[in-house]
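# Coordinate analysis (summary)
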Amino acid sequence: QVQLVESGGGLVQAGDSLRLSCEASGRTFSSYQMGWFRQAPGKEREFVGGITWSGGFTLYADSVKGRFTISRDNAKNTVYLQMNSLKPEDTAVYYCAARGSTYIRRSAADYAYWGQGTQVTVSS
C-alpha cells in the first residue's frame, strides 16, 4: 500500500517554472514505477511522464518533452516534476501515481495508487 501526497502547484505566468513534489508513505516506495498525469476541466486524464523505480529511465508525453523533467529521491520517498517554459495549455490538476509492475505505462488504468492532485494554473 502506498499513499501519495502532491504539493507545489500554484498560479504562474506563461514562461515560468514550477516544481511539483509527490511524497509517498510506505517502505516499498523504491520498488514502484511512478507516473505524473494531469486533467484539465472537461478533458480526460492524460499521461505527462513516468520514471522507473531506479530513476534510470524516464518517459514523457510529446506535449511536455524538453520542458518537463521527472526525477526521484528514493531516500526521501519523493518524486518530482520540474516544469519549465509553462504554457496556458499546461493548466490542469496534476496527479502522481504509482504502479508496482516493471514498466512505466501511459494509461491511467495501469496505476493502482493516486494522490489527491495539485492545481497548476498558467496565465497568458
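Residues numbered from 1 in each chain as written. Predicted model: local features only at pLDDT ≥ 70, side-chain atom pairs only at ≥ 80, totals over all residues. Heavy atoms only, no water.

## Section: the sheet that holds strand 3 (residues 18-25)
Our working definition: When DSSP finds two or more bridges between two strands, those strands count as paired. A run of DSSP states H or I qualifies as a helix once it reaches four residues; a run of E qualifies as a strand once it reaches two. Both are numbered from the N-terminal end. Axis definition: a line fit to C-alpha positions, over the contact stretch in the case of helices; interaxial angles, taken between N-to-C directions, run 0 to 180 degrees.
Spatial strand order, 1-3-8-7: four strands in an open sheet with antiparallel pairing. Across the chains shown, the open sheet's two edge strands, defined by having one partner strand only, are strand 1 (3-7) and strand 7 (68-73). Each adjacent strand pair in this sheet contributes to an overall mean axis angle of 15 degrees, direction not counted. Of the pairings in the sheet, the one linking strand 7 to strand 8 (residues 78-83) comprises six bridges and is antiparallel in character.

## Points about the environment of Thr-91
The condition that has to hold: The cut-offs for exposure are 20% and 50% of the maximum accessible area for each residue type, with area from a 1.4 Å probe on protein chains only; residues under the lower value are buried, those over the upper are exposed, and the others partly exposed. A contact between two residues is defined here by any heavy atoms of the two lying within 4.5 Å. Identification of polar contacts relies on pairs of N or O atoms within 3.5 Å, with a donor-acceptor requirement for protein atoms, meaning one able to donate a hydrogen and the other able to accept it, and with residues adjacent in sequence counted only if both atoms are side-chain atoms.
Mapped onto the elements of the fold, Thr-91 is located in the loop between strand 8 and strand 9 (92-99). With relative accessibility at 22%, the residue Thr-91 sits in the partly exposed group. Along the backbone, Thr-91 and Ser-21 are 70 residues apart, and their C-alpha atoms lie at a distance of 17 Å. In this structure Thr-91 touches Ala-40, Gln-119, Val-120, Thr-121 and Val-122, once residues within four positions along its chain are discounted. Within the structure, Thr-91 has its side chain in polar contact with the backbone oxygen of Pro-88 (distance 2.9 Å). Side-chain polar atoms of Thr-91 contact the backbone nitrogen of Val-122, separated by 2.9 Å.

## Regarding the packing of aromatic side chains
We count it as follows: Between 30 and 60 degrees the pair is tilted, below 30 it is stacked and above 60 it is edge-to-face, where a pair is any two Phe, Tyr or Trp rings, Trp via its six-membered ring, whose centres lie within 6.5 Å.
One pass over the structure, following the stated rule, counts six aromatic pairs. Residues Tyr-32 and Tyr-113 carry aromatic rings whose centres are separated by 5.9 Å and whose planes lie at 85 degrees to one another, so their mutual orientation is edge-to-face. Residue Tyr-32 is located in the loop between strand 3 and strand 4 (33-39), and its partner Tyr-113 is located in strand 10 (residues 113-114); the two are separated by 81 residues in the primary sequence. Classification of Tyr-32 by relative accessible area gives buried; the value is 10%. Centroid distance Phe-37 to Phe-47: 5.6 Å. Interplanar angle 75 degrees. Geometry classified as edge-to-face. With Phe-37 in strand 4 and Phe-47 in strand 5 (residues 46-51), this residue pair connects regions lying ten residues apart in the sequence.

## Some details on the state of the cysteines
As a reminder, the rule being used: Criterion for a disulfide: a pair of cysteine sulfur atoms within 2.5 Å.
On inspection of all chains with the given rule, the structure shows one disulfide. Disulfide pairing places Cys-22 opposite Cys-96 at an S-S distance of 1.9 Å. The chirality of the disulfide connecting Cys-22 with Cys-96 is right-handed, given an S-S dihedral of about 55 degrees. Linking Cys-22 in strand 3 with Cys-96 in strand 9, this pair joins segments that are 74 residues apart in sequence.

## Observations regarding unusual backbone geometry
One non-glycine residue, Asn-77, lies in positive phi territory at about 55 degrees. With respect to the element layout, Asn-77 can be found in the loop between strand 7 and strand 8.

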